[in-house]
Every structure is written in C-alpha cells, then in structure tokens.
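Listed below, chain by chain, are the residues.
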Amino acid sequence: RRTSRNPLVASNAGKRNTSEGSTEEKLVIPDSVAGRLIGRKGSYLLSLETQSGAQISLSPRVPNMTDRIVTVVGRVGEVSAACKLIKDSVQSFEDLEV
C-alpha cells in the first residue's frame with residue numbers, strides 16, 4: 001500500500017462566509033481522482049449534493065497542474081457534511097489506485 005501526502009487539503013483560508021448564513025469552503029483534491037468525484041455525466045457529484053444539501057463545483061483542469069479546487073457552498077452543516085463526503089470519497093478513490 002502506498003503512502004502519500006494527505007490527499008485533501010482544507011485550510012481556514014479556504015473558508016469564507018457568504019450571504020445570509022451561507023458559507024463557502026475550498027478543498028484541494030488530486031486531479032487523478034476528479035473524474036471519479038464528478039462521475040458519469042455528473043452523477044456522483046449530484047449524489048453528494050443531494051446527500052449533503054450543499055452546492056459542489058470543481059475547477060477546470062489546468063495543464064501541468066496536479067490538483068483541482070473543489071468549492072462547496074451552503075449552510076454550515078451542509079458544507080461540513082459535503083466536505084466529509086468528499087474527503088471520504090477521495091480517500092476511497094485513492095485506495096483503489098494502489
């Protein structure tokens with residue numbers, strides 16, 4: 001089993017409050033798992049949004065970059081739930097690559 005750096009980085013700098021109790025958090029994920037996180041025709045991402053209630057979007061792929069930015073927006077509890085789902089998903093996707 002390979003050992004890697006933390007596959008997902010979330011920092012306090014990635015959090016900000018938006019309008020009326022809504023918050024935003026940005027996470028960094030490896031580009032290698034972005035496709036799985038999105039799913040066929042966006043199905044996996046839609047499932048995460050449905051489960052958490054938050055809005056989730058990924059930055060476009062940039063040549064020569066190894067990471068992508070995931071933006072999560074919603075109420076605090078929704079964002080927290082979405083971030084946990086994303087972290088768990090990324091970890092399981094990386095475990096499959098071993």
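Before reading further, recall that the structure is shown in the block above.
Keep in mind the model is a prediction, meaning the values are calculated, not measured.

Novice: Help me understand the environment of Ala54, please; the structure alone is not making it clear to me.
Specialist: Mapped onto the fold, Ala54 is located in the loop between helix 2 (43-52) and strand 3 (55-58). A residue is classified by how much of its surface remains accessible, and Ala54, at 3% relative accessible area, is buried. Beyond its immediate sequence surroundings of up to four residues, Ala54 is in contact with Glu49, Val72, Val73, Glu78, Val79 and Ala82.

Novice: Sorry if this is basic, but what is going on with the packing of helix 1 (residues 31-38) against helix 3 (residues 76-97) here?
Specialist: Helix-helix packing is described using two parameters, namely the angle between the two axes and the distance between the axes. Axis separation between helix 1 and helix 3 bottoms out at 10 Å; the angle between their running directions is 115 degrees. Crossing hand, helix 1 versus helix 3: right-handed. Seen from helix 1, the contacting residues are Ser32, Val33, Arg36 and Leu37; seen from helix 3, they are Ile86, Ser89, Val90, Phe93, Glu94 and Glu97. The residue makeup of the contact of helix 1 with helix 3, split by class, is five nonpolar, two polar and three charged.

Novice: So what exactly am I meant to see when it comes to the nonpolar core here?
Specialist: Among soluble globular proteins, nonpolar side chains are generally buried collectively. The biggest cluster of nonpolar side chains holds 18 residues, and the ones touching the most others in it are Ile29, Leu37, Ile56, Leu58, Val70, Val72 and Ile86. The element contributing the most residues to this core is helix 3, with six residues.

Novice: Is there a simple way to explain unusual backbone geometry in this structure?
Specialist: Most of the time, phi is negative for any residue but glycine, and the peptide bond is trans. Residue Lys41 is not a glycine yet carries a positive backbone phi of 55 degrees. You can see Lys41 is positioned in the loop between helix 1 and helix 2. What makes Lys41 exposed here is its relative accessible area of 86%. You will see that Asn64, though not glycine, has its phi angle at about 70 degrees, which is positive. Inspection of the secondary structure puts Asn64 in the loop between strand 3 and strand 4 (67-75).

Novice: Could you clarify how one ought to interpret the pairing of strand 4 in this entry?
Specialist: Regular strands place side chains that alternate from one sheet face to the opposite one. Where strand 2 (residues 22-30) and strand 4 come together, nine bridges link them in antiparallel fashion. Note on strand 4: the bridge partner recorded for Ile29 is Arg68. The pairing of strand 3 with strand 4 spans four bridges and is classified as antiparallel. The residue of strand 4 that forms the bridge with Ile56 is Val72.

Novice: Sorry, what's going on with the side chain of Thr71 here?
Specialist: Along the chain, the position of Thr71 falls in strand 4. Look at Thr71 and you get buried, because its relative accessible area is 13%. A polar contact is formed between the side chain of Thr71 and the side chain of Lys26, at a distance of 3.2 Å. Among all residues touching Thr71, those that are not within four sequence positions of it are Glu24, Glu25, Lys26, Gln55, Ile56 and Ser57.

The rules behind each value
- Residues numbered from 1 in each chain as written.
- Predicted model: local features only at pLDDT ≥ 70, side-chain atom pairs only at ≥ 80, totals over all residues.
- Heavy atoms only, no water.
- Helix = DSSP H or I, 4+ residues; strand = E, 2+ residues; numbered from the N terminus.
- Buried < 20%, exposed > 50% of the residue type's maximum accessible area, 1.4 Å probe, protein only.
- Contact = heavy atoms within 4.5 Å.
- Axes fitted to C-alpha atoms, helices over the stretch in contact; angles between N-to-C directions.
- Left-handed = near helix turned anticlockwise from the far one by under 90°.
- Nonpolar A, V, L, I, M, F, W, Y, C, P; charged D, E, K, R; others polar.
- Core = buried A, V, L, I, M, F, W, Y, C linked by side-chain atoms within 4.5 Å.
- Pairing = 2+ DSSP bridges.
- Polar contact = N/O pair within 3.5 Å; in protein donor to acceptor, adjacent residues only side chain to side chain.

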